[in-house]
Amino acid sequence: MTTGSECSTEAAGKTNGLFYDRQRLHALLEDAVKRPLVIVTAGMGYGKTRAVECFLQKAGIDTTWIQLTAQCNLATRFWENYVHAASIGSEGYARHLIEIGFPDSDDTFTRFALLTRGTLKPDRQYAIVLDDFHLINDASVLRFVDRLAHCEQHNMRLILISRSVPSINFLDLMSEDRFVSVDEEELRFTDAEIAAYYSSQSIPLDERHLKDIYATTGGWAFAINLLARSLAKSPDYVIPALGALKQNIFKLIESEILQTISPRLKRLLTRLSLIDRLATDLVRTLAGDDALMEELEQLSAYIRHDFYLNVYHVHHLFMDLLSQNQNCLTAEEKYDTYAKAAEWCCANDFYASAITYYENISAYSDIIAVLFRFPAQMPRDMALLAKEIFDNAPENVFDTVDFSAVTHVRALVGAGMVDDAFRLAEKYARKYTAAPQTAFVDRMLGGLYYCMGVIRQLMSTIDGRFDFHEYFALQDERLTRSPFPIYQNQIENNQTPPWFSHVGDSSKGAPEAYIAALAEAAKSVAHCLKGGMAGIDDCARGELAYYRNDLGAAESFLRQGLSQAWRNSQYDIAHKALTYLMLIAFAQGDLSKAEEALREVDSQLDETDYGARYITCAITRAYYCYLLRMPEQFPTWLRGRITPYGHSAFIENYGNQLKVRYYYITKQYGDLFAYTDEMLQRESILYGRISVLALTACARYLTKDKAAAFTALRLAYYDARDNGIIMPFIEMGKDMRTLAASALRSGDSGIPGEWLETIQRKSSAYAKQQAHVIAVYRAAHPTNNDVPLSQREKEVLVDLSHGLSRSEIAAHRQISINTVKLVINSLYDKLGASNLADALRFAMEKKIMG
């Protein structure tokens, strides 16, 4: 959080300050901030901002101050403002906020809230101020603020400064006395405060004039200060000044400011009206010299310097007047203003703002350079912004600007419009193929063919046509002839999770056919882009071997692919290979080997060129916790609701794979079933589909819905049968062993008995290896002796230690045998045991039975 800084001289009540000795207002705000939400609502010029600013400074409250603009109705722009404000006091906190992105889902908001709480010191008081909140009407931003207002944190409050009542839900907070509103009536100057203020400005007024001023201004701070500027020159002309104030306040601003400042300052102010990010260093750059900055500082009544953010805020009324004069600027001045503003935004990570400014001067090459900073799967909010820009770009842009058409296609992919993206790429490809063949055309077609190859990979999940390598071959031909080095970064950051193979077809040989096409694609990409996609085909072979339970072959292929990926900086490929090596180690019962793979995953956090590293590393660590049955160690954002995803191969769905596993081990079966139902209605990747169906089958059985369990198991079996995929069943361990045994006994599951026997045997062996790993981990990482056993579980454990059989325990405790079985299964889960001997040994070690 940002540390509160000293208020300006004006804010403190000196020179032109408006809040000289306003003890009444200070006391009001002091009481208000005891609640978690304060809304300060009044029209323009009532001194809302200055009153809150001076109070917070005097109270010593650490403050994060966000000055909102109309551009903040784009969630990306709002979030950039928020992160920048947070970075003033803590760059580390701000970096984590950037990684989370705008919290538009339950899981990202939970991550944001927990991160924020973790930065607060219990002995300090904090405030988040959203100034000019009346400018916000975007539903996603309003929803975020609504959630923020309802966050529980005893030493932090949210203050909204607005011209109108905000469109958020605060009625419940009001009913619980957790909300206070400060309105125009509280902000109006009383006649006594007006007298004190004018006295501080050395303006002598008698009682009659004070009453006239109060009657005319109604205690309106803006008018009071504006009048003071006039009276400072002619203190005897109170009545004429009041008449001018009443007739036309705009003309008064113009005469008091624009007609008295230098032409250079007037021109600077008009240039500033073009942009909405008036950072001090940017304003200084546009000013060009200190003398002009000093003259600017004299306009403190209308241009406020924000010490929290080190930016200038121009009064809206003044800015409106300046905007009317923009036609006096030359084209060169406008270009220079937008260009410098965009450069500043790029340097300070305000990418959405930078792109908008570049669009204003038709600097499409610079827009593309900004977008190349992002991974191949562009963030959705940025993709939508880029799509709008290139949808409306003049046709000549696509004839002259390198990678303009490619960026247009990328934007559609990032927005989840995969089919539209391919059609657009085809349209552009026809255009450039028919054009005179130049290096520019080669680069454009090379980039387009790469995009088409990626899109065809995604589309192959649905249509089963593995022709994507043909597009990568065409890309190789073009980019080998006319290289474009900047595109290399896109390949290094190409995101491969959750699986190496995007195959969705369950027909026999489909995974091998996909891998064959992938191998050809990797050759082409590695040839023209210096090792791009290196190792991905070997890793895909290892992935298939893993799902076939051929662990030796899987490890061999994965290590070959990993070696190639490391050598060529293919971070996502390396990450996924290491994750599979960790899974193999668990299947082999080797904890040290699993932890070695996890350490290598964590080492990727140091790879600053790997943009997705914090997300992917957190997901792999969550997988580790899942296998150790430690749901409490899951990152908070992987415990929430399913995140919508544009394609099952997108990174959002990678997180979803761990969320459904979290649902499983925490028995949130309804959320798991909802994901499964939605998955079956859309495209899905074969390995993921089988895994989720196996998970669902076990969950259905645990909820005693045997018919639904057999249905899910049967669907998974038919998807897996023709390609020998069995690991998704095996890694369900003892739960699959129980389900398979039940299906065998029933005789009507629709699944061959031989297959069920194989799964029963192998899942039982896996359960023992997993139990061994859990036991080794717990021995190496002792916590406390408290294992959360219910009273019934403790009673059954004691009976088991006394040698009673299940039927004897049922008779002794007057419960059914089925209940005894369920209790024993629960005991094994909580103790990390695969059999009775393990359970009793662990209970004795932890002194659970006394």
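Rules and cut-offs
- Residues numbered from 1 in each chain as written.
- Predicted model: local features only at pLDDT ≥ 70, side-chain atom pairs only at ≥ 80, totals over all residues.
- Heavy atoms only, no water.
- Helix = DSSP H or I, 4+ residues; strand = E, 2+ residues; numbered from the N terminus.
- Buried < 20%, exposed > 50% of the residue type's maximum accessible area, 1.4 Å probe, protein only.
- Contact = heavy atoms within 4.5 Å.
- Areas by Shrake-Rupley, 256 points an atom, 1.4 Å probe, with all protein chains shown as cover.
- Salt bridge = Lys/Arg side-chain N within 4 Å of Asp/Glu carboxyl O.
- pLDDT = per-residue confidence, 0-100.
- Core = buried A, V, L, I, M, F, W, Y, C linked by side-chain atoms within 4.5 Å.
- Pairing = 2+ DSSP bridges.
- Axes fitted to C-alpha atoms, helices over the stretch in contact; angles between N-to-C directions.
- Phe/Tyr/Trp six-rings, centres within 6.5 Å; stacked < 30°, edge-to-face > 60°.
- Lys NZ or Arg CZ within 6 Å of the ring centre and 35° of its normal.
- 1 Å grid on protein atoms, 1.4 Å probe; cavity = no way out; pocket = protein on both sides within 12 Å on 5 of 7 lines; lining within 4 Å.
- Points joined across faces, edges and corners; volume = space filled by probe spheres on them.
- Nonpolar A, V, L, I, M, F, W, Y, C, P; charged D, E, K, R; others polar.

1. Comments concerning the overall build of the chain
- Helix and strand counts for the chain stand at 44 helices and seven strands.
- For the chain, the residues scored as buried account for 58% of the 850 residues in total.
- Within the chain, residue pairs in contact and separated by at least 24 positions form 71% of the contacts whose partners lie at least 6 positions apart.
- When the accessible surface of the chain is split by element, carbon and sulfur atoms take 49% of a total near 34200 Å².

2. What about the pattern of salt bridges?
- Going through the model one piece at a time under the given rule, you end up with 40 salt bridges.
- Residues Arg-284 and Asp-290 are paired through a salt bridge, measuring 3.5 Å at the closest nitrogen-oxygen approach.
- Salt-bridge contacts for Asp-467 lead to Arg-456; the nearest nitrogen and oxygen are separated by 2.8 Å. You can see Asp-467 sitting in the loop between helix 25 (439-463) and helix 26 (468-481) and its partner Arg-456 sitting in helix 25, a full eleven residues away along the chain. With respect to class, Asp-467 is no different from Arg-456; both count as buried.

3. Focus: unusual backbone geometry
- One non-glycine residue with positive phi stands out, namely Met-533, at about 65°.
- Mapped onto the elements of the fold, Met-533 is located in the loop between helix 28 (510-528) and helix 29 (536-547).
- Assessed through its relative accessible area of 3%, Met-533 is described here as buried.
- One non-glycine residue, Gln-814, lies in the positive phi region at around 60°.
- Tracing the backbone through its elements, the reader meets Gln-814 in the loop between helix 42 (806-813) and helix 43 (817-831).
- With relative accessibility at 72%, the residue Gln-814 sits in the exposed group.

4. Here we look at the confidence of the model for the chain
- Mean pLDDT over the chain: 86, with 90% of residues reaching 70 or higher.
- The weakest mean pLDDT in the chain belongs to helix 27 (residues 488-492) at 50; the strongest belongs to helix 38 (residues 727-730) at 98.
- Counting contacts from residues 2-17, a segment whose pLDDT is below 50, to residues more than four positions away or on other chains yields 47 contacts.

5. Comments concerning the nonpolar core
- Within the largest apolar cluster, 208 residues are counted, with the highest numbers of intra-cluster contacts made by Leu-269, Tyr-432, Leu-448 and Phe-729.
- If we ignore the near neighbours within four places in the chain, the residues touching Phe-729 are Ile-690, Ala-694, Leu-713, Ala-716, Tyr-717, Ala-720, Met-736, Trp-755, Ile-759 and Ser-763.

6. Section: the pairing of strand 2 (residues 62-67)
- Taking burial as the measure, the six residues of strand 2 include six buried ones, the bulk of the element.
- Of the two faces of strand 2, the one holding Asp-62, Thr-64 and Ile-66 and the one holding Thr-63, Trp-65 and Gln-67 are both buried throughout.
- The sheet contact formed by strand 2 and strand 3 (residues 126-131) spans six bridges and is parallel. Each residue of the ladder has a partner; that of Ile-66, found in strand 3, is Leu-130.

7. Some remarks on the sheet that holds strand 2
- The parallel open sheet is built from five strands, whose spatial order is 2-3-4-1-5. Among the strands making up the open sheet, the edge pair consists of strand 2 and strand 5 (179-182). Averaged over all pairs of adjacent strands, the angle between strand axes in this sheet comes to 15°, irrespective of strand direction.
- With five bridges connecting them, strand 3 and strand 4 (residues 156-162) associate as parallel partners. Paired with Ala-127 across the bridge in strand 4 is Arg-157.

8. Looking at the packing of aromatic side chains
- Overall, the coordinates contain 43 aromatic pairs when judged by the stated rule.
- Here the aromatic residues Phe-78, Trp-79, Tyr-82, Phe-102, Phe-109, Phe-112 and Phe-144 are joined through ring pairs into a cluster of three or more.
- The ring centre of Tyr-626 lies 4.7 Å from the NZ or CZ of Arg-629, which sits over that ring.

9. Examining empty space enclosed by the protein
- All chains considered together, the criterion is met by eight cavities of 30 Å³ or more.
- What lines the second largest cavity is a set of 14 residues, and nearest its centre among them are Trp-499, Tyr-547, Lys-576, Tyr-623 and Arg-661.
- Sorting the residues of the lining of the second largest cavity by element identifies helix 31 (571-587), helix 34 (651-665) and helix 36 (686-702) as the ones contributing at least two each.
- When residues of the lining of the second largest cavity are assigned to their parent elements, the largest contribution, four residues, is made by helix 34.
- The class makeup of the residues in the lining of the second largest cavity is eight nonpolar, three polar and three charged.

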